[in-house]
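# Fold and contact review
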Amino acid sequence: MFTDEVQEAVSVDSRWRKVPELRDAVCQTTAVRRAEASVQSRRSARNGTQTDPVECRELPAFNGSAEPSIDSPRLARFLRQVEPMVSKELIKNIKSHAFDGFEVHWIDHPHTVSCLHTLYYPEAQKRKLHVTGVSWNVTGSVIACAYGRLEDGDWSTEKSYVCSWNLDRRGLNPGRPNTVIDVSSAIMCLAFHPVEPCLIAGGLYNGEVLVWNSSKTDDPLIARSGMSEDTHREPVYQVHWIQSLSRSNRINVLSASTDGKILIWQMDGRGRLVLQDGFALIVQQMPRNLKLHKAREDSLFGVTSLSFSHLDKTVFIAGVEGGYVLKCSTEVLTRAALSSGTVPLKAPAQFTFSPHYGPVHAVDCSPFHRNLFLTAGTDGHVHLYSMLQAEPILSLQLCQSYLFSVSWSFVRPLVFAAATGEGTVLIFDLGHSSLCPAVSIEQTTERKPVYCLAFNPKQPELLAAGNAEGSVKIWQLSAELTKEGPREISLLEQLATEAAE
């Protein structure tokens, strides 16, 4: 029924790939042109003109009507988004005290000093005289020194000198003063006039007060107090130029002596100093808080130092031989219980501070604060007082010997210098440390005392110091000691406020 059958196969050719066809072709690039040429450098020259030519370029004119390409809506959305966060951080920064007291010092100025000049008068050194006082004139270019002695003994008739050097003059000779004034008695102190650059007042060991004009070479003495019942009877340790108490523009001379008197003199134009007013520190008229033992009521306190307030010219501080420090006023009306003299004296003492253990050699009121002042005494201590309290704010023992001078800086409210009997000058910066000096200067050889100091009011980097060797050294202070910090006044105020509390 069924049988096998074989059919013939059928094949179909694929057409998805064609056999590639190959053809030969020839091409050529564009012909390259070549040429040879020779060149030679040209000679050039330069010419100069007084001013360089300005290259002017034409800039496109500014079209004020064209709006900048800023996506304002997008910028506004961004500012609205970040404004609360920025305001919150700014308020936090205002209330933060993290950087209180921080000062930026782009340049590190070390506390260094260098000696510019060592000034001396050979004749005074030959006679072993001491420099007992130094003073800068009103221009800050002339330094004057007084020669005398601070040793025990009677040498009131010994000859002495006032010498001055102009540091701005060419050919300065340290051993040859520009001015030398011979004086018949030892000079204990001197002070330049605050307006006239050539006038110098000086106090002598014999109690006289003199005024010289250093510009007069023939006879520089222009006024003297002489010796009378109105004059001092003991050495004059302090002289000042002060405004007249009668509210006139006249500037008078004030002198303080160990006879207990503080006298005010006026030049009469005829070579005399005439007594105008005065004060006396008598035991029976001292403030009640002063505790005295075995002292006669009619005895006087010898004045060894004095300083007027820079902000209230009616107030002055007096240091006395017994170590007491007294606040005084020029406006007192109470008469002093003295019978001698043609001009009635007043009792100026109003308040007494905690004393030193020995005579007070130096007092200096702060130029930057009404109530603060420094004192230095023979007990080797410097005291920082406020006029509002009896006890010192700060007490520093600087040496085992005497302290002869202390002075505030005129430009740094927290800087002061002290002169020691061990031959050193110590400079303190209360902004850095109240216990250790910022700089200690070895002023003299063989540890001879330094008797006087004076900062230059016009050139604050200069400090003058006179010593027992008979020389005056001019020290140049570093910028760190002469540039006021941003918070010094507030720190000084804080120091005084904490003391008052």
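Further up the page is the structure itself.
Per chain, residue numbering runs from 1 following the sequence as it is written. Whole-chain, interface and lining totals are the exception, using all residues; otherwise, since this is a predicted model, local features are given only for residues with pLDDT of at least 70 and side-chain atom pairs are given and counted only at 80 or more. Here the side-chain values reflect all heavy atoms present in the structure, with hydrogen atoms and water set aside.

Helix and strand assignments come from DSSP, with helices taken as H or I runs of at least 4 residues and strands as E runs of at least 2, each series counted from the N terminus. Helix and strand counts for the protein chain come out as three helices and 28 strands. With 501 residues in all, the protein chain has 46% of them scored as buried. Using the Shrake-Rupley algorithm and a 1.4 Å probe, accessible areas are obtained, with residue cover drawn only from the displayed protein chains. Surface exposure of the protein chain reaches about 30300 Å², of which carbon and sulfur atoms provide 50%. Note on classification: 1.4 Å probe, protein chains only; a residue is buried when its accessible area is under 20% of the maximum for its type, exposed when over 50%, partly exposed between these limits.

Moving on, we come to the packing of aromatic side chains. Aromatic rings from Phe, Tyr and Trp, with only the six-membered ring used for Trp, were paired whenever their centres fell within 6.5 Å, and each pair was classed as stacked if the ring planes differed by under 30 degrees, edge-to-face if by over 60, and tilted otherwise. Taken as a whole and assessed by the stated rule, the structure comprises twelve aromatic pairs. Between F353 and F373, the aromatic rings sit 5.1 Å apart at their centres with planes inclined by 70 degrees, giving edge-to-face as the arrangement. One end of the pair, F353, is in strand β17 (residues 349–353); the other, F373, is in strand β19 (residues 372–377), and 20 residues separate them in sequence. For the pair shown, F353 and F373 are each scored as buried. Each ring, one from W408 and one from F416, has its centre 5.9 Å from the other, and the planes form 70 degrees; the classification is edge-to-face. For the residue pair W408 and F416, the accessibility class agrees, reading buried in each case.

This part covers the nonpolar core. Only buried Ala, Val, Leu, Ile, Met, Phe, Trp, Tyr and Cys residues count toward a nonpolar core, and they belong to the same one when joined by side-chain atoms within 4.5 Å. Core analysis: the biggest nonpolar cluster contains 22 residues, and I262, L281, F301 and L326 have the highest contact counts within it. Among the secondary structure elements, those contributing two or more residues to this core are β11 (251–257), β12 (261–267), β14 (303–308), β15 (315–320) and β16 (325–329). Of all hydrophobic cores here, the second largest spans 21 residues; its members include L384, L403, L426 and L492.

Looking now at the sheet that holds strand β21 (residues 394–397). Here, any two strands with at least 2 DSSP bridges between them count as paired. The strand order across the open sheet built from four strands is β18-β19-β20-β21, with neighbouring strands paired in antiparallel fashion. Of all the strands in the sheet, just β18 (360–365) and β21 have a single pairing partner and so form its edges. Here the average twist between neighbouring strands, direction ignored, is 15 degrees. The sheet contact formed by strand β20 (residues 381–386) and β21 spans four bridges and is antiparallel. The partner of V382 across the bridge, within β21, is L396. Lines fitted to C-alpha atoms define the axes, with helix axes restricted to the stretch in contact, and inter-axis angles between N-to-C directions lie between 0 and 180 degrees.

Right, let's get into the sheet that holds β15. Spatially, four strands are ordered β14-β15-β16-β17 in an open sheet, and the strand pairing comes out antiparallel. A strand with exactly one partner marks an edge of an open sheet, and here the two such strands are β14 and β17. Recorded for the sheet is a direction-independent mean angle of 25 degrees between the axes of neighbouring strands. Where β14 and β15 come together, five bridges link them in antiparallel fashion. Bridged to V303 within β15 is V320.

Let us now look at helix α1 (residues 72–95). Its 24 residues give α1 an end-to-end C-alpha distance of 34 Å, which sits within 8% of 34 Å, the value for a rise of 1.5 Å per residue. Note that the bend at a residue is defined as the angle between axes fitted to the seven residues ending at it and the seven residues starting at it. Bending of α1 peaks at approximately 40 degrees at the position of V82, with proline P84 no more than four residues after it. Between the first and last residue of a helix there are one fewer steps than residues, each counted as 1.5 Å, and that sum is the expected span.

Before going further, it helps to examine the side chain of S257. Topologically, S257 is positioned in strand β11. Two residues qualify as a contact provided that any one of their heavy atoms is within 4.5 Å of a heavy atom in the partner residue. Residue contacts for S257: discarding those within four places in its chain leaves H232, E234, P235, V236, Y237, G302 and V303.

For the rest of this paragraph, the subject is the pattern of salt bridges. The working definition used for a salt bridge is a side-chain nitrogen of Lys or Arg within 4 Å of a carboxyl oxygen of Asp or Glu. Tallied over the entire structure, the rule returns eleven salt bridges. Residue D277 is joined to K346 by a salt bridge in which the shortest nitrogen-to-oxygen separation is 3.5 Å. In this pair, D277 is assigned in strand β13 (residues 273–280) and K346 in the loop between β16 and β17, connecting sequence segments 69 residues apart. Here D277 and K346 have matching classes, each one buried. A salt bridge links R412 to D429; the shortest N-O distance between them is 2.9 Å. Placement of R412 in the loop between β22 (403–408) and β23 (415–420) and of D429 in strand β24 (residues 424–429) is noted, with a sequence separation of 17 residues between them.

Residues forming no salt bridge and having over 30% relative accessible area are the ones grouped into patches, like charges within 9 Å of each other and nonpolar side chains (Val, Leu, Ile, Met, Phe, Trp, Tyr) within 5 Å. Side chains of I70, L75, F78 and L79 sit close together on the surface and give an oily, nonpolar patch of about 390 Å² of accessible area. By secondary structure assignment, the location of L79 is in helix α1. The partly exposed category is assigned to L79, whose relative accessible area is 46%.

What follows deals with the environment of G226. By secondary structure assignment, the location of G226 is in the loop between β9 (221–224) and β10 (236–243). Between the C-alpha atom of G226 and that of R272, which follows or precedes it by 46 residues, the distance is 7.8 Å. Apart from residues no more than four positions distant in its own chain, G226 is found in contact with E208 and T231.

Inspection of the secondary structure assignment puts L167 in the loop between β4 (160–166) and β5 (179–183). When the C-alpha atoms of L167 and H117 are compared, they prove to be 9.0 Å apart, with 50 residues separating the residues in sequence. With residues near it in sequence (within four places) discarded, L167 still touches H117, L119, W136, S141, I143, L172 and I474.

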